[in-house]
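# Structural overview for review
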Amino acid sequence: MRQIFDGETTVTEAVFQRCIESQCSGTLAVDDTSFICPQCGGLLDVVYDWSRLSVPESLTFFEKRWSERNDPLALSGVWRFRELLPFADSRWVMTIGEGQTILQRADGLCSYVGLVPGRLFLQYEGMNPSGSFKDNGMTAAFTHARMVGARRAACASTGNTSASLAVFCSATGLMRAIIFIGAGKIAYGKLAQALDHGALTIQIAGDFDDAMQRVQQVSRQLGIYLVNSINPFRLEGQKSIMYRVLEGLRWEVPDWVVVPGGNLGNVSAFGKAFFELHQLGLIPRLPRLAVVNASGANTLYQLYEKLRIRWNDGNWPKQQVQQFFAQMQAEHRRASTIASAIEINYPVNLPKALRALQWCDGVVCEVTDQEILDAKAQVGRHGLGCEPASAASVAGLKRLRQQGVIGKDERVVCVLTGHQLKDPTATVAYHSTDPHLFEEVLGRRGVRRPTFANRAVQVPNDLNEIIKAIELYA
Ligand code: F0G
């Protein structure tokens, strides 16, 4: 049990927030919305005193929820695991049917990535209401926002967080969405969602990293509820992606989970999910985590693999990391990748990601835009449409197989974070016969060949010519 020093009073709670910095470990009440430690500026965790909460003895407990699906809380792929994120009373829960996603076996892709058939699984989060994994976290943040009586919510976004926020606000009518985006830095599918769902859309002359800084300042100044993944309640919702992965594997732990890394919320949430399950005795071991950066936005790769920065039980070398960031700033290095969702150089969840990498014996790799788009085309060819950032996981797996980090017999789950229709421009440019479009969208980013292009066949409007073309190609 923890005591919380909440102003004048001392309260004892089963759920609270705690600074992750080992030298600080300051605590805050569950309804605090600072989302950053007021004492040391560290990131916060949502912490549970499990001994005072009702936790199932086995993960099979959650199977009964499948027969209760007329209850929105059992239908939700997040809240049907509510005993594992018990920060809110059920009456506050805001759900729009998120998390109806399943683990798909992907034998067709095995030879491409170099795995034995039967060993690759894709967790396709594009099936969420707003088309990305963000809805898992947004339902949790929204629930917390409702608990604390927020009326306005804001985020900075490369597009998917903003789309999710806009959908939640418009579907529930509970809050006004205010989104910060970098001008020209967001794929059209995502911008379309923000506009159509009525979000106040603030385009900043800058990129995601600029927008992220501004939204934190503005939220603090105006008392607006922040839904970026710096908000620890969002990460509670994203833990459920891993619960569904386990469920898809009949509660067996995979050898690897591979995930694209941007602001590093997912990797942080996945690490916490596995750490807690292990702590509760619900899984026998933790899987290994692999985080994949785009090479044009590879901060985590640089820090973890090149500079060997480690969490080190909380004693991570902060100064060295700060120096890295200072140098990046001095050199005006900006993130640049076709995978615009992960075009981020200053990931806010870096310390939590380092911690997750320690818990899960993780690795980090980087992949080029060429590798990302080729992997994306292969994913599409085998039945699931994803956006470029999502395909980074598959491209990363291929690299890690080539490097021998992952074995060909190991059981691997790649998370496909967002839907194909989020970014039609990248897909059409890759498959297009128009060299100008290819150059404008992809060539300038160093993509040389559309290796798996599926070209549209140009034919005159003539029945015989059309039939000839079909006979020739199909
Ligand atoms: N994949 C997609 C499709 C994303 O939209 C994002 C992040 C990531 C991967 C990276 O996840 O931040 O948890 O490491 N998109 C955020 C946004 C930044 O604003 O939509 P992460």
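Keep in mind it's a predicted model, so treat the numbers as computed, not measured. (Residues numbered from 1 in each chain as written. Predicted model: local features only at pLDDT ≥ 70, side-chain atom pairs only at ≥ 80, totals over all residues. Heavy atoms only, no water.)

## A short note on the sheet that holds strand β10 (residues 200-204)
Across the sheet, 4 strands lie side by side as β10-β9-β8-β11; this open sheet has parallel pairing. Two strands in the sheet have a free side with no partner beyond their single neighbour: β10 and β11 (225-226). By the bridge criterion, 2 bridges tie strand β8 (residues 152-157) to β11 in an arrangement that is parallel. Bridged to A154 within β11 is L226. (Pairing = 2+ DSSP bridges. Helix = DSSP H or I, 4+ residues; strand = E, 2+ residues; numbered from the N terminus.)

## Quick word on the site of the ligand
Around the ligand, 21 residues are found, and the nearest of them are S157, N160, G262, N263 and T417. Between K134 and the ligand, the recorded distance is 2.9 Å, taken from a side-chain N or O atom to a nitrogen atom. In the environment of the ligand, an oxygen atom lies 2.8 Å from a nitrogen or oxygen atom belonging to the backbone of L264. Relative to its free-state accessible area of 480 Å², the ligand is covered by the protein chains to the extent of 99%. Cavity membership is defined here by more than half of the atoms lying within 2 Å of grid points; on that basis the ligand lies in the largest cavity. For the shell around the ligand, the elements supplying multiple residues, two or more each, are α4 (160-172) and α8 (265-279). Along the lines of polarity and charge, the residues of the shell around the ligand split into 7 nonpolar, 12 polar and 2 charged. (Near = heavy atom within 4 Å. Polar contact = N/O pair within 3.5 Å; in protein donor to acceptor, adjacent residues only side chain to side chain. Areas by Shrake-Rupley, 256 points an atom, 1.4 Å probe, with all protein chains shown as cover. 1 Å grid on protein atoms, 1.4 Å probe; cavity = no way out; pocket = protein on both sides within 12 Å on 5 of 7 lines; lining within 4 Å. Sits in = over half its atoms within 2 Å of the grid points. Nonpolar A, V, L, I, M, F, W, Y, C, P; charged D, E, K, R; others polar.)

## Some remarks on the confidence of the model for the chain
Here the chain averages 95 in pLDDT, while 97% of its residues score no lower than 70. Looking at the elements of the chain, mean pLDDT is at its lowest for strand β1 (residues 2-6), recorded as 47, and at its highest for strand β12 (residues 256-260), recorded as 99. Note that pLDDT drops below 50 for residues 1-11; the model gives that stretch 25 contacts with residues more than four away or on any other chain. (pLDDT = per-residue confidence, 0-100. Contact = heavy atoms within 4.5 Å.)

## Notes on the packing of helix α3 (residues 134-147) against helix α7 (residues 232-248)
Here α3 crosses α7 at 140°, and the two axes come no closer than 6 Å. Accordingly, the angle class assigned to the pair α3 and α7 is oblique. With respect to the hand of their crossing, α3 and α7 are arranged in right-handed fashion. Taking contact as the criterion, the partners of K134, N136, G137, M138, A140, A141 and H144 in α3 are, on α7, F233, R234, G237, Q238, S240, I241 and R244. When its residues are assigned to classes, the contact of α3 with α7 shows 5 nonpolar, 6 polar and 3 charged. (Axes fitted to C-alpha atoms, helices over the stretch in contact; angles between N-to-C directions. Parallel < 35°, antiparallel > 145°, perpendicular 65-115°, else oblique. Left-handed = near helix turned anticlockwise from the far one by under 90°.)

## Things to note about the environment of E68
Relative to the elements of secondary structure, E68 occurs in the loop between β5 (44-48) and α1 (72-75). With relative accessibility at 26%, the residue E68 sits in the partly exposed group. C-alpha of E68 to C-alpha of G407: the two residues are 339 residues apart in sequence and 40 Å apart in space. (Buried < 20%, exposed > 50% of the residue type's maximum accessible area, 1.4 Å probe, protein only.)

## Topic: empty space enclosed by the protein
This structure, assessed with the given rule, holds 3 cavities of 30 Å³ or more. Surrounding the largest cavity, 26 residues form its lining, F133, K134, G262, N263 and A341 being those nearest its centre. Of all the secondary structure elements, the ones that give two or more residues to the lining of the largest cavity are β8, α4, α7 and α8. Taken together, the residues of the lining of the largest cavity break down into 10 nonpolar, 13 polar and 3 charged. (Points joined across faces, edges and corners; volume = space filled by probe spheres on them.)

## Quick word on the nonpolar core
Ranked by internal contacts, the top residues of the largest apolar core, which has 103 residues, are L59, F87, L165, M242 and F270. Here this core takes 7 residues from α7, the largest share from any one element. For F87, the residues in contact, after removing those within four places along its chain, are V15, V30, V46, Y48, W79, A140, T143, H144, M147, F233 and E236. (Core = buried A, V, L, I, M, F, W, Y, C linked by side-chain atoms within 4.5 Å.)

## Digging into the sheet that holds strand β4 (residues 27-29)
Read across the sheet, 3 strands follow the order β4-β3-β5 without closing on themselves; strand pairing throughout is antiparallel. Two strands lie at the open edges of the sheet, namely β4 and β5, each paired on one side alone. Adjacent strand axes in the sheet meet at a mean angle of 35°, parallel and antiparallel pairs treated alike. Here strand β3 (residues 15-19) pairs with β5 via 5 bridges, running antiparallel. Note that in β5 the partner of F16 across the bridge is V47.

## Notes on the packing of aromatic side chains
Applying the stated criterion to the full structure yields 13 aromatic pairs. Taking 4.9 Å as the distance between ring centres and 65° as the angle between the ring planes, the aromatic pair formed by F87 and F233 counts as edge-to-face. Here the residue F87 occupies a position in the loop between α1 and β6 (103-105), and F233 occupies one in helix α7, the gap between them amounting to 146 residues. Taking 5.3 Å as the distance between ring centres and 45° as the angle between the ring planes, the aromatic pair formed by F142 and F168 counts as tilted. Highlighted residues: F142 in helix α3 and F168 in helix α4, separated in sequence by 26 residues. When sorted by exposure, F142 lands in the same class as F168, which is buried. Among the aromatic side chains, those forming a connected cluster through ring pairs are F35, W79, F87, Y225 and F233. Between R333 and the ring centre of F324, over which it is positioned, the NZ or CZ distance is 5.9 Å. (Phe/Tyr/Trp six-rings, centres within 6.5 Å; stacked < 30°, edge-to-face > 60°. Lys NZ or Arg CZ within 6 Å of the ring centre and 35° of its normal.)

## So, the environment of R399
On the secondary structure map, R399 appears in helix α13 (residues 388-402). Residues R399 and V292, 107 residues apart in the sequence, show an inter-C-alpha distance of 9.9 Å. Residues contacting R399, with those up to four places away along its chain left out, are E366, V367, T368 and E371.

## Remarks on the pairing of strand β7 (residues 120-124)
For a regular strand, side chains alternate in direction, first toward one face of the sheet and then toward the other. β7 sits mainly inside the fold: 5 of its 5 residues count as buried. Burial along β7 is two-sided: the residues L120, L122 and Y124 and F121 and Q123 are all buried. Of the strand pairs in this sheet, β6 and β7 are connected by 3 bridges, and their pairing is antiparallel. Across the sheet, residue L103 finds its bridge partner in β7, namely Q123. Inspection of the sheet shows β7 paired to strand β15 (residues 412-416) by 5 bridges, in the parallel sense. Residue pairing for β15: F121 is matched across the bridge by V413.

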